[in-house]
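Next come the chains, spelled out residue by residue.
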Amino acid sequence: MIYKTLDKNDYLRYHSNIIDAKDKKFSKVAIGMWDFMKAWDNWPPRVLEENGEILSVCFMKLSAQAKSKVLFISNIFTPTAGRGKGSAREMLHRNILEAVEAGASSIRLDCNKSALGFYDKIGMTYWGTTISHSMFCDLPINEKGIYCFSQTQNMSSLEILNSYPQELREAKIKWIMKKVKKHKEFDFGHHSRYEEFMKCFFDDNTTISA
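Since we're looking at a predicted model, the values are computed, not measured.

1. Quick look at the overall build of the chain
Argument step 1. The secondary structure content of the chain amounts to 8 helices and 7 strands.
Argument step 2. For 210 residues, the compact-globule estimate of 2.2 N^0.38 gives 17 Å, and the C-alpha radius of gyration of the chain, at 18 Å, lies within 12% of that figure.
Argument step 3. Across the chain, contacts joining residues at least 24 apart in sequence account for 68% of those joining residues at least 6 apart.
Argument step 4. For the chain, the exposed surface amounts to about 11100 Å²; the carbon and sulfur share of it is 52%.

Here's what the structure looks like:
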């Protein structure tokens, strides 16, 4: 598989040739978001290509938030013709490796219900549900790519937060709290950190390391 970027014109040509209606709709949403964010020049979409066929697409960017670089995944999708080949998993793995090499220390995304199973299989547990009813994820990443989540999957919220330097930890807590506090929690049969995360702040016996 070849991992590369497409500029806006090349991506729009690819989009115009999409046949499947659901694929077309998902791609259109991604285009609209990148137009709104004016991100085409700095963050062209990544694609995985094999024998001239695009197997997976990702709209991602690095943001200097929470006092560090954060990998933000806006949209990642696999066109119908490319499914069943592990391309979405490989795409995310390469996204993380690229981001870590550029200095990112965490990944952030809002995923909807239909995508939660994919991220859950990788080990990307979520902190809770946002006001827009998506699952909010903000987790540390490293040079292991997607395999780093096999470690954090078995860590408590407290352990994950305490793995960050103090100045970054405080910013992370504020951001996660802002995204998920008091928002209705949905039970999708996947592990959410919402209860244990909130327990860190409302249980007198639990403290965040200084």
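2. Things to note about the environment of Y194
Argument step 1. Secondary-structure assignment places Y194 in helix 8 (residues 194-202).
Argument step 2. A residue is classified by how much of its surface remains accessible, and Y194, at 12% relative accessible area, is buried.
Argument step 3. Considered as a pair, Y194 and I73 are 121 residues apart in the sequence and their alpha carbons are 21 Å apart.
Argument step 4. Beyond its immediate chain neighbours, meaning those up to four positions away, Y194 contacts W127, G128, V180, K181, K182, H183 and E185.

3. Here we look at the confidence of the model for the chain
Argument step 1. Here the chain averages 87 in pLDDT, and 93% of its residues register 70 or above.
Argument step 2. Of all the helices and strands in the chain, helix 8 carries the lowest mean pLDDT, 81, while helix 1 (residues 8-16) carries the highest, 95.

4. Side note on the packing of helix 3 (residues 87-101) against helix 4 (residues 113-122)
Argument step 1. The contact between helix 3 and helix 4 brings their axes to 11 Å, and the two run at 65 degrees. For helix 3 against helix 4, the interelement crossing comes out right-handed. On helix 4, the residues touching A88, R89 and L92 of helix 3 are F118, Y119 and I122.
Argument step 2. Class assignment for the residues of the contact of helix 3 with helix 4 results in 5 nonpolar, no polar and 1 charged.

5. Quick word on the state of the cysteines
Argument step 1. Counted under the stated rule, the structure contains 0 disulfides.
Argument step 2. There is no disulfide at C137, and the cysteine sulfur nearest it, in C111, is 7.6 Å away.
Argument step 3. No disulfide involves C148; its sulfur sits 9.9 Å from the nearest other cysteine sulfur, which is in C137.

6. A few points about the pairing of strand 5 (residues 104-111)
A regular strand places its side chains on the two faces of the sheet in alternate fashion.
Argument step 1. Judged by how many residues are buried, strand 5 sits mostly within the fold: 6 of 8 residues are covered.
Argument step 2. Sheet topology places strand 4 (residues 68-77) next to strand 5; 4 bridges connect them, and they run parallel. Bridging from a neighbouring strand, F72 pairs with R108 of strand 5.
Argument step 3. Note that the unit made of strand 4, helix 3 and strand 5 has a crossover that is right-handed.
Argument step 4. Direction of pairing for strand 5 relative to strand 7 (residues 135-140): antiparallel, over a ladder of 6 bridges. Within the sheet, the bridge partner assigned to C111 lies in strand 7 and is M135.

7. Considering helix 1
Argument step 1. Of the residues making up helix 1, those classed as buried are Y11, Y14 and H15. Down the axis of helix 1, the buried set is contained in an arc of 100 degrees. They therefore lie on one face.

8. Concerning the pattern of salt bridges
Argument step 1. Across all of its chains, the model carries 10 salt bridges by this definition.
Argument step 2. Residues R46 and E98 are paired through a salt bridge, measuring 2.5 Å at the closest nitrogen-oxygen approach. Residue R46 is found in strand 2 (residues 46-50), and its partner E98 is found in helix 3; the two are separated by 52 residues along the sequence.
Argument step 3. Under the relative-accessibility criterion, E98 is labelled partly exposed at 25%.
Argument step 4. The closest approach of N and O atoms between D138 and K172, which form a salt bridge, is 2.8 Å.

Criteria and cut-off values
Residues numbered from 1 in each chain as written. Predicted model: local features only at pLDDT ≥ 70, side-chain atom pairs only at ≥ 80, totals over all residues. Heavy atoms only, no water. Helix = DSSP H or I, 4+ residues; strand = E, 2+ residues; numbered from the N terminus. Rg over C-alpha atoms; globule rule 2.2 N^0.38 Å. Contact = heavy atoms within 4.5 Å. Areas by Shrake-Rupley, 256 points an atom, 1.4 Å probe, with all protein chains shown as cover. Buried < 20%, exposed > 50% of the residue type's maximum accessible area, 1.4 Å probe, protein only. pLDDT = per-residue confidence, 0-100. Axes fitted to C-alpha atoms, helices over the stretch in contact; angles between N-to-C directions. Left-handed = near helix turned anticlockwise from the far one by under 90°. Nonpolar A, V, L, I, M, F, W, Y, C, P; charged D, E, K, R; others polar. Disulfide = S-S within 2.5 Å. Pairing = 2+ DSSP bridges. Right-handed = clockwise from strand over helix to strand, strands pointing away. Arc of directions from axis to C-beta. Salt bridge = Lys/Arg side-chain N within 4 Å of Asp/Glu carboxyl O.

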